[in-house]
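# Structural description and commentary
Each chain, written out:
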Amino acid sequence: CAENEYLVAGACESCPANSVSSEGSSAIEDCSCDTGFSGDPAQSEACVCLANTYLEGGTCASCPADSSASEGSTAIEDCTCDAGFTGDPAWDEPCISDSGGGGG
């Protein structure tokens, strides 16, 4: 089978979404999650974005500074400001420390 495929009952099948395999793979166990994704295709687990990242255009993008998201997040709306910070990454508002930090 070609790269990102595996052999099933004599035919080549594509690895599940967001997973890859090397050329000549002979079982789904040869498919593994792509960089930045976690899961186990061989155990019927979907490959999802790691914590503090979200799915954007087929890849996992990092949440903005001082925000976080749970594993498997699918949109920037899943990124929320960390404790002690306010803002809304989904509306392109940076997370700013509640303590002000006017500095100077």
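Residues numbered from 1 in each chain as written. Predicted model: local features only at pLDDT ≥ 70, side-chain atom pairs only at ≥ 80, totals over all residues. Heavy atoms only, no water.

## Quick notes on the state of the cysteines
Inspection of the entire model under this criterion finds six disulfides. Here cysteine 33 pairs with cysteine 47 through a disulfide, and the sulfurs are 2.1 Å apart. On the sign convention where negative is left-handed, the bridge of cysteine 33 and cysteine 47, at about -85° about the S-S bond, is left-handed. Here the residue cysteine 33 occupies a position in strand S4 (residues 32-33), and cysteine 47 occupies one in the loop between strand S5 (37-38) and strand S6 (48-49), the gap between them amounting to 14 residues. Across the pair, cysteine 47 and cysteine 33 agree in class, each one buried. What pairs with cysteine 81 in a disulfide is cysteine 95, and their sulfur atoms sit 2.1 Å apart. Across the S-S bond linking cysteine 81 and cysteine 95, the dihedral sits near -85°, which makes this disulfide left-handed. Here cysteine 81, found in strand S10 (residues 80-81), pairs with cysteine 95, found in the loop between strand S11 (85-86) and strand S12 (96-97); they are 14 residues apart in sequence, far enough to count as distant. You'll find cysteine 81 and cysteine 95 in the same group, each marked buried. Here the disulfide map of the protein chain reads 1-2, 3-4, 5-6, 7-8, 9-10, 11-12, the bonded cysteines being numbered as they appear in the sequence. (Disulfide = S-S within 2.5 Å. Helix = DSSP H or I, 4+ residues; strand = E, 2+ residues; numbered from the N terminus. Buried < 20%, exposed > 50% of the residue type's maximum accessible area, 1.4 Å probe, protein only.)

## Overview of the environment of alanine 17
Its place among the elements puts alanine 17 in the loop between strand S2 (11-14) and strand S3 (19-20). Each C-alpha atom, one on alanine 17 and one on alanine 46, is 7.5 Å from the other, the two residues being 29 residues apart in sequence.

## Considerations on the environment of glycine 58
Residue position: glycine 58 is located in the loop between strand S7 (53-56) and strand S8 (59-62). For glycine 58, a relative accessible area of 45% translates into the label partly exposed. With 36 residues separating them along the chain, glycine 58 and serine 22 place their C-alpha atoms 20 Å apart. Not counting chain neighbours up to four residues away, the residues in contact with glycine 58 comprise Asn18 and Phe37. (Contact = heavy atoms within 4.5 Å.)

## Comments concerning the nonpolar core
Grouped together as the largest cluster of nonpolar side chains are five residues: Tyr54, Ala61, Cys63, Ala69 and Cys79. Sequence-distant contacts of tyrosine 54, that is, excluding residues within four places in its chain, are made with Cys49, Thr59, Cys60, Ala61, Ser62, Cys63, Ser73, Thr74, Ala75, Ile76 and Cys79. (Core = buried A, V, L, I, M, F, W, Y, C linked by side-chain atoms within 4.5 Å.)

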